[in-house]
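# Structural overview
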Amino acid sequence: MAEGATRRHDVVVIGAGPGGYVAAIRGAQLGFDVGLVERESTLGGTCVRVGCIPSKALLESSFLYAEARGSFAQHGISARVELDLKAMHARREKVVKQNTDGVAYLMKKNGVTVYRGSGRLAGGGRVVVEGGEPATLEARHVVLATGSVAAGLPGVEADGETVVTSTEALAFPAVPPRLVVIGAGYIGLELGSVWARLGSEVTVLEYLDRILPGMDLETAKEAQKALKRQGLEFRLSAKVTGVSVKGGVARVEVEGAEPVEAEKVLVAVGRKPNTAGLGLEEAGVELDERGRVRVDEAFRTTAEGVYAIGDLVPGPMLAHKASEDGVALMELLAGKPASVDHDLVPGVVYTEPEVATVGATEEALAERGVPYRKGVFPFSANGRARALGHTDGRVKVLAHAETDRVLGVHAIGPRAGELIAEAVLAMSFGASAEDVAATVFAHPTLSEAFKEASLAVAGRAIHS
């Protein structure tokens, strides 16, 4: 395409991550002519390229390595196990390529026009594409879907070598003898787990007095115990004030405590909306006090014809939430009713055991004065978990004390990330704990723990 060429579309989406590319597909399905702008060489955004997908590939590989070293014997399997980190990274890259290629295929299949370059709002429904394929696009609807970037920490400067973000931590060429993880959220615990399994001495520093901020506290404490047994050291209420590097070794300063030294430091203190370079101010798009794009219930920004979804706007910063935002927006633009209930967006931490949650926590219910009953069932009493040899954890169901409606489900245990989908489905249809308890679950399955926890709400658990 010649530089400066102008193309018209019904919808132009800036950003090809889980929010943007899904929005583009759904828009095309609904009959819109869609243009998609992406500055990276491959599609899929942070999630597919350097986030969700590659981290899960490494988590799976490192889990199998740890199983082979420590758990195969109990299954009657003897094996000599050696780590081939290069091959492990090659598999990670292959998995990522399969996914990015898949997204590119879906764009062609659905007739979405892809523009390579950085998109910038130019007002009046125009988007200027700068870089790879310079062009000016015009559309009635412009969707901002540029996701988020790693948040920084005052006094800590990532150099991409010793002090790194999650992107670099996915591709360490060798297992670091010592790794300090700053931040005990999803990203920090997952990548900390990977390298601990592969042989690193991992220390997690968390500013708060708990891990997994925002999750159910009781469940988070169970997760900390399990991860501690796996060798991760936790230092809570630890305020990091600075990091210095000398001779390839980082010295992490902690307020009121001894510094911690390590060959690698992962800064995982959260993410922030990626709004730089979009021309928001010039286009009249306002941000809120937390740097998020201000939108109404229909994803409309303060600029006419401009919308925003995913990590740019309020709600959980999760890939699946972004995708649902994208679908809902396209359906609204097509005149269909649509919305996303942020209270029913599940969250999963892919450690071992996995941690999965949806809905209200006990702390939130208590703070709001909502009466509730609790049912808990341990995986140690689940036949399938025993057969797998992974019995850590439990499922907790919180139900309204008067209506019995399920208000929250919090699970820690084997494959909890798969189990939580049942809870989301039940809550989406307003199910009561009794409804779940009356449902027939296959035996033996891990999901039976959800049924038993629902029975336990009324003190009727069968197997505990």
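Starting afresh in each chain, residues are numbered from 1 along the sequence in its written order. Whole-chain, interface and lining totals are the exception, using all residues; otherwise, since this is a predicted model, local features are given only for residues with pLDDT of at least 70 and side-chain atom pairs are given and counted only at 80 or more. Note: side-chain values were computed over all heavy atoms of the structure, leaving out hydrogens and water.

## Overview of the sheet that holds strand β14 (residues 260–262)
Let me state the cut-off plainly: Here a strand pair is declared whenever DSSP counts at least two bridges between the two strands. Comment: elements are numbered from the N terminus, with helices defined as DSSP H or I runs of at least four residues and strands as E runs of at least two. In this analysis an axis means a line fitted to C-alpha atoms, helices contributing only their contacting stretch, and an angle means the value between N-to-C directions, from 0 to 180 degrees.
On the basis of which strands lie adjacent, the open sheet formed by 3 strands has the order β12-β13-β14 and antiparallel pairing. Strands with a single pairing partner mark the edges of an open sheet, and in this sheet they are β12 (240–246) and β14. The average undirected angle you get between the axes of adjacent strands in this sheet is 20°. Inspection of the sheet shows β12 paired to strand β13 (residues 249–254) by 6 bridges, in the antiparallel sense. Bridged to V245 within β13 is A250.

## A short note on the sheet that holds strand β15 (residues 264–267)
Within a beta sheet, neighbouring strands are joined by backbone hydrogen bonds and run either parallel or antiparallel to one another. For clarity, the threshold we go by: The contact criterion used throughout is that any non-hydrogen atoms of two residues lie within 4.5 Å.
Spatially, the 5 strands line up as an open sheet ordered β8-β15-β9-β10-β11, and their pairing is parallel. Of all strands in the sheet, those with a lone pairing partner are β8 (163–164) and β11 (233–235), marking the two edges. One ladder, built from 2 bridges, connects β8 with β15; its direction is parallel. Bridging across to β15, V164 finds its partner in L266. Packed onto the sheet, helix α6 (residues 186–197) meets β9 (178–182), β10 (201–205), β11 and β15 and runs at close to 165° relative to β10.

## Comments concerning unusual backbone geometry
The criterion, for reference: Note on exposure labels: buried denotes an accessible area under 20% of the residue type's maximum, exposed denotes more than 50%, and partly exposed covers the range between, all computed with a 1.4 Å probe on protein chains only.
The peptide bond linking E352 to P353 adopts the cis configuration, its omega dihedral lying at 0°. Residue position: P353 is located in the loop between β18 (347–349) and β19 (354–359). Positioned with a positive phi, L212 is a non-glycine residue whose angle comes to about 50°. Judged by its relative accessible area of 3%, L212 is buried.

## Some remarks on the packing of helix α3 (residues 52–70) against helix α4 (residues 85–109)
As a reminder of what qualifies: In what follows, roughly perpendicular refers to angles from 65 to 115 degrees, roughly parallel to angles under 35, roughly antiparallel to angles over 145, and oblique to any angle outside these ranges. By convention, the crossing between two helices is left-handed when the near helix turns anticlockwise from the far helix through less than a right angle, and right-handed when the turn is clockwise. Gly is put with the polar residues, along with every residue not named as nonpolar or charged; the nonpolar set is Ala, Val, Leu, Ile, Met, Phe, Trp, Tyr, Cys and Pro, and the charged set is Asp, Glu, Lys and Arg.
Running from amino to carboxyl end, α3 crosses α4 at an angle of 140°, the nearest separation of the two axes being 9 Å. Considering their axes alone, α3 and α4 lie oblique with respect to each other. Considering only the axes of α3 and α4, their crossing is right-handed. Residues I53, P54, A57, L58, S61 and S62 of α3 touch α4, and the partners they reach there are M88, H89, R91, R92, V95, V96 and N99. Split into classes, the residues belonging to the contact of α3 with α4 amount to 7 nonpolar, 4 polar and 2 charged.

## A short note on helix α7 (residues 217–229)
An α-helix turns once every 3.6 residues. As a result, residues three or four positions apart point the same way. Which entries qualify depends on this criterion: A helix's residues, less one, multiplied by 1.5 Å, set its expected span. Here the arc refers to the set of directions running from the helix axis out to each C-beta atom.
Over its 13 residues, α7 extends 19 Å from the first C-alpha to the last, a length consistent with the 18 Å expected when each residue adds 1.5 Å. Buried within α7 are the following residues: T219, A220, A223, A226 and L227. Along the axis of α7, the buried residues cluster in a sector spanning 120°; they form a single face. The outward face of α7, more than 90 degrees from its buried face, is lined by the exposed residues K228 and R229. Tucked inside the fold, the buried residues of α7 contact α6, β11, β19 and β22 (406–413). Immediately downstream of α7, the backbone of G231 shows phi near 110°, a positive value.

## Comments concerning empty space enclosed by the protein
Inclusion rule: Any residue with an atom within 4 Å of a point lines the site, the site being either a cavity, points on a 1 Å grid over the protein atoms alone where a 1.4 Å probe fits but cannot get out, or a pocket, an open set with protein on both sides within 12 Å along at least 5 of 7 lines. Grid points are joined across faces, edges and corners, and a volume is the space filled by probe spheres set on the points.
Within this structure, the stated rule accounts for 1 cavity of 30 Å³ or more. Size it by volume and the largest cavity reaches roughly 50 Å³. Along its surface, the largest cavity is lined by A150, T165, S166, I187, V267, A268, V269, G270 and R271. Residue classes in the lining of the largest cavity are distributed as 5 nonpolar, 3 polar and 1 charged.

## A few points about the state of the cysteines
Test applied: For this text, the term disulfide refers to a pair of cysteine sulfurs within 2.5 Å.
All told, the structure shown has 1 disulfide when counted by the stated rule. C47 shares a disulfide with C52; S-S distance 2.5 Å. Handedness here is read from the sign of the S-S torsion; for C47 and C52, about -130°, the answer is left-handed.

## A few points about the packing of helix α1 (residues 20–29) against helix α9 (residues 319–333)
Where α1 meets α9, the axes come as close as 8 Å, and the angle between the chain directions of the two elements is 30°. Here α1 lies roughly parallel to α9, going by the angle between them. The interaxial crossing formed by α1 with α9 has right-handed handedness. Between α1 and α9, the contacting residues are V22, A23, R26 and G27 on the first element and S323, G326, V327, M330 and E331 on the second. Of the residues in the contact of α1 with α9, the class split is 4 nonpolar, 3 polar and 2 charged.

## Remarks on the pairing of β19
The buried fraction of β19 amounts to 5 of the 6 residues, a majority that puts the element mostly inside the structure. Hairpin connection of β18 to β19: 4 residues between the antiparallel strands. Pairing of β19 with β22, which is carried by 6 bridges, proceeds in the antiparallel orientation. Within β22, the residue paired with E354 across the bridge is G413.

Remember, this is a structural readout, not a statement about activity or role.
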